[in-house]
Amino acid sequence: MTYDPQTYSSYELGWQLHSKAGNQSFQAGMYADAQQAYRKAISLAELMLMTAKQERRHPEAIHAYVIACHNLADNLLKSDEFPAAETTMQQALDQVIDSMCSTQYSQCLRFEAAKALKMVSLKAYEFYQQLGQSDKAQAVVKQATEQAQQFFSQLQPKSLSA
């Protein structure tokens, strides 16, 4: 597969459009429409992320994926679909950890995934606290902290001398 910037750009534009449509539907209380738009945004974000992994470009794609999952999870919470919201958050967390820990991906993508880990783990923490499940909230924070520590401990600092 060769890099085609137009393909990535079309995925990104579609993601933006579906995210915006989902947000508008969500704000209008049309949760079924929002859910449909957010699911399309996730599909496009997955294509963006796949391209980023394969072509070693566009490390910001991980954030599009996390945002899309975050939006869907919020929508599912509003619709009282707690198991589906939890699954969506877990998928985002798993994808971020995989992207951060897999040495086959670009260093830039791995760093962006480390940044995204903070947002995903905070969202999951808040979700579990809201449901009164402090044990799960603490487990998410513990897992995220351990994964981040492991990632950063493997980095080799560049020499400051020439």
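Scroll up for the structure.
Definitions and cut-offs
- Numbers given to residues run from 1 along each chain, matching the order in which its sequence is written.
- Two thresholds apply to this predicted model, a pLDDT of at least 70 for residue-level local features and 80 or more for giving and counting side-chain atom pairs, whereas whole-chain, interface and lining totals are computed over all residues.
- Only hydrogens and water are set aside when side-chain values are computed; all heavy atoms of the structure are taken into account.
- Aromatic pairing here means that ring centres of Phe, Tyr or Trp (its six-membered ring) are within 6.5 Å. Orientation follows from the plane angle: under 30 degrees is stacked, over 60 is edge-to-face, and everything else is tilted.
- Any residue under 20% of the maximum accessible area for its type is buried, any over 50% is exposed, and the rest in between are partly exposed; the area is computed with a 1.4 Å probe on protein chains only.
- A fitted line through C-alpha atoms represents every axis, and for helices the fit uses only the stretch in contact; the resulting angles, taken between N-to-C directions, go from 0 to 180 degrees.
- We count a stretch as a helix when DSSP gives it H or I for four or more residues in a row; a strand needs E for two or more, and each element gets its number in order from the N terminus.
- An angle below 35 degrees is read as roughly parallel, one above 145 as roughly antiparallel, one from 65 to 115 as roughly perpendicular, and any other as oblique.
- Left-handed describes a crossing in which the near helix is turned anticlockwise from the far one by less than a right angle; the clockwise case is right-handed.
- Whether two residues are in contact is decided by their heavy atoms: any pair within 4.5 Å suffices.
- Lys, Arg, Asp and Glu make up the charged group, whereas Ala, Val, Leu, Ile, Met, Phe, Trp, Tyr, Cys and Pro make up the nonpolar group; the residues left over, Gly among them, are polar.
- To qualify as a nonpolar core, a set must consist of buried Ala, Val, Leu, Ile, Met, Phe, Trp, Tyr and Cys residues joined through side-chain atoms within 4.5 Å.
- A helix's residues, less one, multiplied by 1.5 Å, set its expected span.

Q: Can you lay out the packing of aromatic side chains for me, pointing to particular residues and giving the numbers?
A: In this structure the tally under the stated criterion is five aromatic pairs. Summarising the aromatic geometry, the rings of Phe127 and Tyr128 are spaced 5.2 Å apart at their centres and angled 65° between planes, so their arrangement reads as edge-to-face. Of the residues examined, Phe127 reaches a relative accessible area of 2% and is grouped as buried. Among the aromatic residues, those joined into a ring-pair cluster are Phe111, Phe151 and Phe152.

Q: Which residues make up the packing of helix H4 (residues 82-101) against helix H5 (residues 107-130), and what are the values?
A: Geometry of a packed helix pair, given as the angle between the helix axes and the separation of the axes. Interhelical geometry of H4 versus H5 gives an angle of 155° and a closest axis separation of 8 Å. Taken together, the axes of H4 and H5 are roughly antiparallel relative to one another. Considering the relative orientation of H4 and H5, their crossing is left-handed. Residue-level contacts link Phe82, Ala85, Glu86, Met89, Ala92, Leu93, Val96, Ile97, Ser99, Met100 and Cys101 of H4 to Arg110, Ala113, Ala114, Ala116, Leu117, Val120, Lys123, Ala124, Phe127 and Tyr128 of H5. For the contact of H4 with H5, the class distribution of residues is 17 nonpolar, one polar and three charged.

Q: Which residues make up unusual backbone geometry, and what are the values?
A: Here the phi dihedral of Arg56 falls at roughly 60°; this positive angle occurs in a residue that is not glycine. Turning to its location among the elements, Arg56 is positioned in the loop between helix H2 (31-55) and helix H3 (61-78). The backbone of His58 sits at a positive phi, close to 55°, despite the residue not being glycine. Turning to its location among the elements, His58 is positioned in the loop between H2 and H3. Overall, the relative accessible area of 21% leaves His58 in the partly exposed class.

Q: Outline the nonpolar core, supporting the account with residue identities and numerical values.
A: Formed by 44 residues in total, the largest nonpolar core has its most connected members in Trp15, Met48, Ile62, Tyr65, Val96 and Leu117. For this core, the secondary-structure elements that each account for two or more residues are helix H1 (5-27), H2, H3, H4, H5 and helix H6 (134-153). The element that contributes the greatest number of residues to this core is H3, accounting for 11 residues. Once residues lying within four places of it in the same chain are set aside, the contact partners of Met48 are Tyr8, Tyr11, Glu12, Trp15, Ala61 and Ala64.

Q: Quick one: what's the story with H2, residue by residue and with numbers?
A: Taking 1.5 Å of rise per residue, 25 residues should cover 36 Å, and H2 covers 35 Å from first to last C-alpha, within 8% of that figure. Residue Arg56 follows H2 closely and has a positive phi angle near 60°.

Q: How would you summarise the environment of Thr145 if you had to cite specific residues and measurements?
A: Inspection of the secondary structure puts Thr145 in helix H6. Taking relative accessible area as the criterion, Thr145 reaches 38% and is therefore assigned partly exposed. For Thr145 and Ser121, which are 24 residues apart along the polypeptide, the C-alpha to C-alpha distance reads 9.2 Å.

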